[in-house]
Amino acid sequence: MSKNFYVTTPIYYVNDKPHIGHAYTSLAADILARFKRLDNFNVFFLTGTDEHGQKVEKSAINQNKSPQEFCDEISVKFKNLANFMGYSHDHFIRTTDKNHKKTAQKFWQILEEKGYIYKDIYEGWYAIRDEAFYNEDEIIDGKAPTGAEVVWEKQESYFFKLSEFEKPLLDYIAKNPDFIAPQSKKNEVISFLKSGLKDLSISRTSFNWGVKVPNNENHVIYVWLDALTNYLSALNFCDNDQKYQDFWQKTSQNSPIHIVGKDILRFHAIYWPAFLMAAEIPLPKKIYAHGWWTNEGQKISKSIGNIIDPFEEVEWLKSKEIKEKTAIDYLRYFLIKEIPFGSDGNYAKEQFINRINSELANNIGNLTQRCLTMIHKNCDSKIKKEPNCNENIQILENIREKIGKLEFDKALDEIINFANQINKEFNDYAPWNLKKDGKIDKMEQVLSNTAENIRKIAILLLPFIENSSRMILGFLNINKEQQNFNNFGKKLEKGVEINEIEVAFPRIK
Ligand code: MSP
């Protein structure tokens, strides 16, 4: 198996500014990408913006802007958010990129050549907000099942022979039990498939803002078909580039993986695999659907006006004298730890404060502070003894297993439990008493061992909260080349002088 790992986020609609939901999907992908890199994989992490379609066109018109000008403005906000949150994406794709448009058209042509596209009349319900077609039996009180407004549309349209893929998809899912996760979401996909697939309308004539259908300028490609091909265009699929070979053709466990929200699973777990089967292109290895956040118990929506803006959350923390880089780590930590990936969860400020204070400030932060202060005061700022604590290699193995299942919260539990245990040992050994009793050798050994375990904790936290991890590793005078999993098993060296320290995880007041 190759050591190449391809992870993607959905590409975000540019009809509005980014919020916590967008930050969340990308955060999970970022942690996965970072973990894999530290684990010696060759990673390609993709994110970007989805810029075509009626929804975006409408938003541009509402603001008296040309669609392109409007997209440029909003796309940059998503890019800024990604950089601000410290995402380690290797590429930021825009569906208005020339190369992407070329790929979408090329993909269309492949489907056409293989005989899966025909022209007919589309008549049915369409929800602009979801950019999705709905069957009559899905409409509830005149609305889409998602609550979106629907309009009745009748227009000439090209169709994709989706109905031919009902059985192949069911067979594929049966043969590849890990293809769709988590299980509850997989079951939804299976029952949707079993209820029958109709051919899919894949072009529109009622507006212009999209990629033109090859050889028919009157039609634009359905925005979801356009958008899904981004996963290939970013790898220069058209040129059969090495990147495409490495990251799409050569797979490793779970790669390629698409991380998506539960609302867009149908597009990724049914349409996309069907398109790929039709085009005779290998399918991704995994589609993982995560849950949705509510805000203090309420559905997050623009109309309610309760959207959580990640930039504002960091400002809020800064107003409590938390430095920006630490504040970003706090937000990352809370988002990924608060809810099991795949479940829905609630964003509540009080819970945010409690979690950070108890798990980071009082636990890891406090331990670091107490141990390193004692080393400064009692050991000439040096690691006086060669650490002889347990190797604790198993913990990395446990975390690897959890990350492999995208159980980010459980992976963090491993680290927090380990820190609790080290804290307890530290209190039990009570090096301050050893000092009082004149047992200096023993005190030095306890402090050296504890510092070594702090090093391990900081390395394990790297994929989640890099700023803080590197800060702590810096206290321990560990150079950047050694801040990785390869050095996890090597212990702190006797004689190393530690650096000045500061509070790594200040309490949120
Ligand atoms: N453009 C499409 C995706 C195309 S991928 C080929 C799209 N964009 S989106 O901007 O509407 O949503 C992107 C992601 O944000 C989705 O995964 C969605 O689930 C996620 N979230 C939006 N609101 C959310 C919450 N309140 N909570 C968690 N995630 C949410 O769909």
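Residues numbered from 1 in each chain as written. Predicted model: local features only at pLDDT ≥ 70, side-chain atom pairs only at ≥ 80, totals over all residues. Heavy atoms only, no water.

Undergrad: For this particular structure, what's the right way to read the overall build of the protein?
TA: Along the protein, the regular secondary structure elements total 18 helices and 16 strands. If you line up the protein on its principal axes, its C-alpha atoms span 90 × 45 × 40 Å. Looking at the protein as a whole, 58% of its 509 residues are labelled buried. A fraction of 77% describes how many contacts in the protein between residues 6 or more apart in sequence connect residues 24 or more apart. If you sum the accessible surface of the protein, you get close to 21100 Å²; carbon and sulfur atoms cover 46% of it. (Helix = DSSP H or I, 4+ residues; strand = E, 2+ residues; numbered from the N terminus. Buried < 20%, exposed > 50% of the residue type's maximum accessible area, 1.4 Å probe, protein only. Contact = heavy atoms within 4.5 Å. Areas by Shrake-Rupley, 256 points an atom, 1.4 Å probe, with all protein chains shown as cover.)

Undergrad: Whenever I open this one, the packing of aromatic side chains confuses me. Can you help?
TA: Each aromatic ring pair is specified by the distance between its two centres and by the angle formed by the two planes. In this structure the tally under the stated criterion is 38 aromatic pairs. A network of ring pairs unites the aromatic residues Tyr24, Tyr288, Trp293, Trp316, Phe334, Phe341, Tyr347, Phe352 and Phe408 as a single cluster. Sitting above the plane of the phenylalanine 41 ring, lysine 3 keeps its charged end 4.1 Å from the centroid. The ring centre of tyrosine 126 lies 4.0 Å from the NZ or CZ of arginine 204, which sits over that ring. (Phe/Tyr/Trp six-rings, centres within 6.5 Å; stacked < 30°, edge-to-face > 60°. Lys NZ or Arg CZ within 6 Å of the ring centre and 35° of its normal.)

Undergrad: I keep staring at the domain arrangement of the protein and nothing clicks. Help me out?
TA: Reports of interface size often rely on the accessible area that becomes lost once the parts have come together. The domain boundaries assigned to the protein delineate domain 1 (4-291) and domain 2 (310-487). Between the C-alpha centres of domain 1 and domain 2 there is a distance of 38 Å. In this complex, domain 1 contributes 33 residues to the contact, which on the side of domain 2 involves 31 residues. Summing both sides of the interface, domain 1 and domain 2 together bury roughly 2900 Å²; the carbon and sulfur share of this comes to 71%. Considering only the surface of domain 1 that becomes buried against domain 2, Phe35, Leu38 and Phe84 emerge as the three largest contributors, covering 26% of it. (Domains from an automatic or database assignment. Buried area = accessible area lost by both parts, 1.4 Å probe.)

Undergrad: I keep staring at the site of the ligand and nothing clicks. Help me out?
TA: As a matter of local geometry, the ligand sits amid 23 residues, with Ile11, Asp50, Gly261, Asp263 and Trp293 nearest to it. At a separation of 2.8 Å, a nitrogen atom of the ligand approaches a polar backbone atom of isoleucine 11. Contact between the ligand and tryptophan 292: an oxygen atom at 3.1 Å from a side-chain N or O atom of the residue. Considered on its own, the ligand offers 680 Å² of accessible surface; in the complex 95% of this is hidden by protein. Among the secondary structure elements, those contributing two or more residues to the shell around the ligand are β1 (4-13), α1 (20-38), α7 (223-228), α8 (230-233) and β12 (257-261). If one sorts the elements of the shell around the ligand by residue count, β1 sits on top with 4 residues. Here the shell around the ligand is built from residues that sort into 12 nonpolar, 9 polar and 2 charged. (Near = heavy atom within 4 Å. Polar contact = N/O pair within 3.5 Å; in protein donor to acceptor, adjacent residues only side chain to side chain. Nonpolar A, V, L, I, M, F, W, Y, C, P; charged D, E, K, R; others polar.)

Undergrad: Explain the sheet that holds strand β10 (residues 212-213) here, please?
TA: Where strands meet in a sheet, backbone hydrogen bonds hold them as pairs that are either parallel or antiparallel. Strand order in the open sheet formed by 3 strands is β9-β11-β10, with antiparallel pairing between adjacent strands. At either margin of the open sheet sits one strand with a lone partner, and together these are β9 (203-204) and β10. By the bridge criterion, 2 bridges tie β9 to strand β11 (residues 216-221) in an arrangement that is antiparallel. By the bridge assignment, serine 203 is partnered in β11 with isoleucine 221. The strands touched by helix α4 (residues 98-113) are β9, β10 and β11; relative to β11, the strand with the most contacts, the crossing angle is about 100 degrees. (Pairing = 2+ DSSP bridges. Axes fitted to C-alpha atoms, helices over the stretch in contact; angles between N-to-C directions.)

Undergrad: Please clarify how the sheet that holds strand β7 (residues 180-181) should be interpreted in this entry.
TA: As summarised here, the arrangement of the 6 strands in space is β3-β2-β1-β12-β13-β7, forming an open sheet in which the pairing is parallel. The open sheet is flanked by β3 (91-94) and β7, the only strands paired with a single partner. Taken together, the 8 bridges between β1 and strand β2 (residues 42-50) define a ladder with parallel strand orientation. Residue pairing for β2: phenylalanine 5 is matched across the bridge by valine 43. Strand contacts of helix α9 (residues 242-249): β1, β2 and β12, with the helix running at about 95 degrees to β1, the strand carrying the most contacts.

Undergrad: How do you make sense of helix α2 (residues 54-62) when you look at a structure like this?
TA: Counting along an α-helix, one turn takes 3.6 residues, and residues three or four places apart therefore face a common direction. When α2 is considered as a whole, its buried residues turn out to be Gln54, Lys55, Val56, Glu57, Ser59 and Ala60. Tucked into the core, α2 has its buried residues touching β1, β2, α3 (67-84), β4 (117-127), β6 (151-160) and β9. One or two steps after α2, the chain reaches asparagine 64, where phi turns positive at roughly 55 degrees.

Undergrad: I'm lost on the pattern of salt bridges in this one. Help?
TA: Pairing is possible between side chains that carry opposite charge, provided their charged atoms lie close to one another. One pass over the full model with this rule turns up 40 salt bridges. Here lysine 65 makes a salt bridge to glutamate 73, at a shortest N to O gap of 3.0 Å. Residue lysine 65 is classed as partly exposed on the basis of its relative accessible area, which comes to 22%. Judged by its relative accessible area of 34%, glutamate 73 is partly exposed. (Salt bridge = Lys/Arg side-chain N within 4 Å of Asp/Glu carboxyl O.)

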